Amino acid sequence: MDNLSDALKKLKITAIESTADSLEGCLDCLLQALAQNNTETSEKIQKSGILQVFASLLTPQSSCTAKVANIIAEVAKNEFMRNSCVDAGLIPPLVQLLNCKDQEVLLQTGRALGNICYDSHTLQSQLINMGVIPTLVKLLGIHCQNAALTEMCLVAFGNLAELESSKEQFAYTNIAEEIVKLFKKQIEHDKKEMIFEVLAPLAENDIIKLQLVEAGLVECLLEIVQKTVDSDKEDDIAELKTASDLMVLLLLGDESMQKLFEGGKGSVFQRVLSWIPSNNHQLQLAGALAIANFARNDGNCIHMVDNGIVQKLMDLLDRHVEDGNVTVQHAALSALRNLAIPVVNKAKMLSAGVAEAVLKFLRSEMPPVQFKLLGTLRMLIDAQAEAAEQLGKNVKLVERLVEWCEAKDHAGVMGESNRLLSALIRHSKSKDVIRTIVQSGGIKHLATMATSEHVIMQNEALIALALIAALELVTAEKDLENAKLVQILHRLLSDERSAPEIKYNSMVLICALMGSEPLHKEVQNLAFLEVVSKLRSHENKTVAQQASLTEQRLAVES
């Protein structure tokens, strides 16, 4: 290693004297030493202080620039060297070099910057602020024939695209066009995979989603799906998954989704439809998720329901009832839930048998499936009295809902179960439904729901409880007492933070509970008159009017 020490000493001198030949010899010696033992050589370079000298050698005019950048790239493979490179001021001259025309300099410069900034969001952000993104995108376009340079650009994009701040800059370049052009040329799996790794984070941005769609990425993805769907090669299976996942991601943008839907006539939409009856689970999943994404506005939903999508999704669910694929179940239920949102679709979907198809998954122990199942049923029965009554009298369903209302580990399932329980009462207004819910032990959950942190859930609970009190007070009396409903209502009315509609519905409920002797006694014992009389001057007129009516009722009944 004596040669190395000599080379380091010489370098300091020759860098000042600028004798190109001796400089080249010293740099070659360093590169050789790094190739033999990178870590040890890097430590010696660090101690020698030569890194500061390198900053002055990084000029486009110098014939040694590529070698200097190569040495920096090699030493920066070691984590302990990266800060030293930053402290030596190497980043600004390296960034400047990205504008030179020499392909070898560009390659080594890209490697050096990549290694120095590896795994450091702070340094990567610095590069973004220094404007490297438009420069690299331009390089990709100019040097697309140079495989090594192309790869360097892709690695850089892959790292930078993870940062949110980069997406905005990428959106103002022609990255979509360049990367799709590059993608079309690729045959090797590894190269495609490298491009996919850049596309996935970029496609999270809605502007870039649309640019990728306009650049023809979707056609490339559909082609990959077609070529790999029947293959059992590991690479092809992986490629099929990545391509179909990326396709679904592109549909998450409103503009890109609408562009591909094309009023339901789009060739892409038609192709996606053909994935649902496929025998490939990955394609079934992607197809159902794509439909769920297309079903994000009423117009699309109505068109799809009118054109028979519901039957396709029900057939798909049918294939996954026994020991089915959970992700496919979840995706198909998501699609049905979204399709059930427009009012005109509800009756059509109910008569097609969607409720029955969904109920087959009541036995599922998977929270994501439970969550979507509940959401789908809740959407279907909205303002559909007959369906709400039919489901509300289904003892198995109601018992399962009551069980899930206690799923404390799964807040989503617990919330949706409560909301469906309340919806069954609110939309059916049926005594039979109320009796089924009382017998299954659902009252305590509705009382707890009235204390939810979400106003919409509080409101739904109070309206359901008011209907119970109006239609089946005797049946529910004991349960309402045990659930401490009167105390809950007192708290809601006393709490200044309660929303006006919560105060209003709480007073309506208090009046309805007065018909029960034990509950009436509880109301009297809690001095409701005082709380209610204060609300007569409430800024909300509806609340103030209800306070006057409730006060009169309390005074008469006291």
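Since the structure is predicted, the reported quantities are computational estimates derived from the model, not experimental observations.

Caption draft 1: The overall build of the protein chain, seen in detail. Secondary structure assignment for the protein chain yields 37 helices and 0 strands. Taken against the 2.2 N^0.38 rule, which gives 24 Å for 558 residues, the C-alpha radius of gyration of the protein chain at 34 Å runs more than 25% over that of a compact globule. Its C-alpha atoms put the protein chain at 110 × 55 × 40 Å along the principal axes. For the protein chain, the residues scored as buried account for 56% of the 558 residues in total. Taking contacts inside the protein chain between residues at least 6 apart in sequence as the whole, the part at least 24 apart equals 71%. Here the protein chain displays about 25,500 Å² of accessible surface, and carbon together with sulfur accounts for 50% of that area.

Caption draft 2: Representation of unusual backbone geometry in the model. Phi is positive for aspartate 119, close to 65°, though the residue is something other than glycine. Here aspartate 119 lies in the loop between α8 (103-116) and α9 (121-129). Aspartate 119 gets classed as exposed once you look at its relative accessible area, which sits at 65%. With phi around 55°, lysine 484 is a residue other than glycine that occupies positive phi space. Secondary-structure assignment places lysine 484 in the loop between α32 (455-482) and α33 (485-494). By relative accessible area, lysine 484 is classed as partly exposed at 48%.

Caption draft 3: Broad picture of the packing of aromatic side chains. For the coordinates displayed, the defined rule picks out 5 aromatic pairs. An angle of 90° between the planes, with centres 5.1 Å apart, marks the rings of phenylalanine 269 and phenylalanine 294 as edge-to-face. One end of the pair, phenylalanine 269, is in helix α19 (residues 267-275); the other, phenylalanine 294, is in helix α20 (residues 281-294), with 25 residues separating them in the sequence. Phenylalanine 294 matches phenylalanine 269 in its accessibility class, with the two residues each being buried. Ring-pair connections join several aromatic residues into one group, and the members of that group are Phe261, Phe269 and Phe294.

Caption draft 4: Focus on the environment of glycine 324. Along the polypeptide, glycine 324 turns up in the loop between α22 (309-318) and α23 (326-339). In this structure glycine 324 comes out as partly exposed when scored by relative accessible area, which is 23%. Along the primary structure glycine 324 and alanine 544 are separated by 220 residues, whereas in three dimensions their C-alpha atoms are 55 Å apart.

Caption draft 5: Main features of the environment of arginine 536. Structurally, arginine 536 can be placed in the loop between α36 (528-534) and α37 (541-557). Separated by 10 residues in the primary sequence, arginine 536 and glutamine 546 have C-alpha atoms spaced 8.0 Å apart. Look past the residues within four positions of arginine 536 in its chain and what remains in contact with it is Ala544, Ala547, Ser548 and Glu551. At 2.8 Å, the side chain of arginine 536 forms a polar contact with the side chain of glutamate 551.

Caption draft 6: Region of the structure containing the pattern of salt bridges. Overall, the coordinates contain 28 salt bridges when judged by the stated rule. In this structure, glutamate 460 and arginine 426 form a salt bridge, with 3.9 Å as the shortest nitrogen-oxygen distance. A residue pair is termed long-range when its members are at least 10 positions apart, and glutamate 460 in helix α32 and arginine 426 in helix α29 (residues 411-428) qualify at 34 residues. Here glutamate 460 falls in the buried class, since its relative accessible area comes to 10%. The class of arginine 426 is buried, set by a relative accessible area of 16%. Between lysine 478 and glutamate 481 there is a salt bridge; the shortest N-O distance is 3.9 Å.

Caption draft 7: Structural context of the side chain of threonine 228. Its location among the elements puts threonine 228 in helix α16 (residues 217-228). At 2.7 Å, the side chain of threonine 228 and the backbone oxygen of isoleucine 224 are in polar contact.

Caption draft 8: Region of the structure containing the environment of leucine 163. Tracing the chain through its elements places leucine 163 in the loop between α11 (147-160) and α12 (164-171). You can call leucine 163 buried: its relative accessible area is 7%. Each C-alpha atom, one on leucine 163 and one on alanine 355, is 43 Å from the other, the two residues being 192 residues apart in sequence. In this structure, leucine 163 is in contact with His121, Gln124, Ser125 and Ile128, ignoring residues within four places of it in sequence.

Caption draft 9: How the structure looks around the confidence of the model for the protein chain. Averaged over all residues, the pLDDT of the protein chain equals 91, while 96% of them reach at least 70. When the elements of the protein chain are averaged for pLDDT, helix α1 (residues 2-17) gives the smallest value, 56, and helix α30 (residues 431-439) the largest, 97.

Caption draft 10: Structural detail: helix α18 (residues 254-261). Those residues of α18 that fall on the buried side of the exposure criterion are Ser256, Met257, Leu260 and Phe261. Taken down its axis, α18 places every buried residue within 135° of arc, on the same side. What points out from α18, more than 90 degrees from its buried face, is the exposed set Asp254 and Glu255. Looking at the buried residues of α18, the elements they touch are α15 (206-214), α16, α17 (234-250), α19, α20 and α21 (298-306). Where α18 ends, the next residue or the one after it, glutamate 262, has phi of about 45°, a positive value.

Reading the values: the criteria
Residues numbered from 1 in each chain as written. Predicted model: local features only at pLDDT ≥ 70, side-chain atom pairs only at ≥ 80, totals over all residues. Heavy atoms only, no water. Helix = DSSP H or I, 4+ residues; strand = E, 2+ residues; numbered from the N terminus. Rg over C-alpha atoms; globule rule 2.2 N^0.38 Å. Buried < 20%, exposed > 50% of the residue type's maximum accessible area, 1.4 Å probe, protein only. Contact = heavy atoms within 4.5 Å. Areas by Shrake-Rupley, 256 points an atom, 1.4 Å probe, with all protein chains shown as cover. Phe/Tyr/Trp six-rings, centres within 6.5 Å; stacked < 30°, edge-to-face > 60°. Polar contact = N/O pair within 3.5 Å; in protein donor to acceptor, adjacent residues only side chain to side chain. Salt bridge = Lys/Arg side-chain N within 4 Å of Asp/Glu carboxyl O. pLDDT = per-residue confidence, 0-100. Arc of directions from axis to C-beta.

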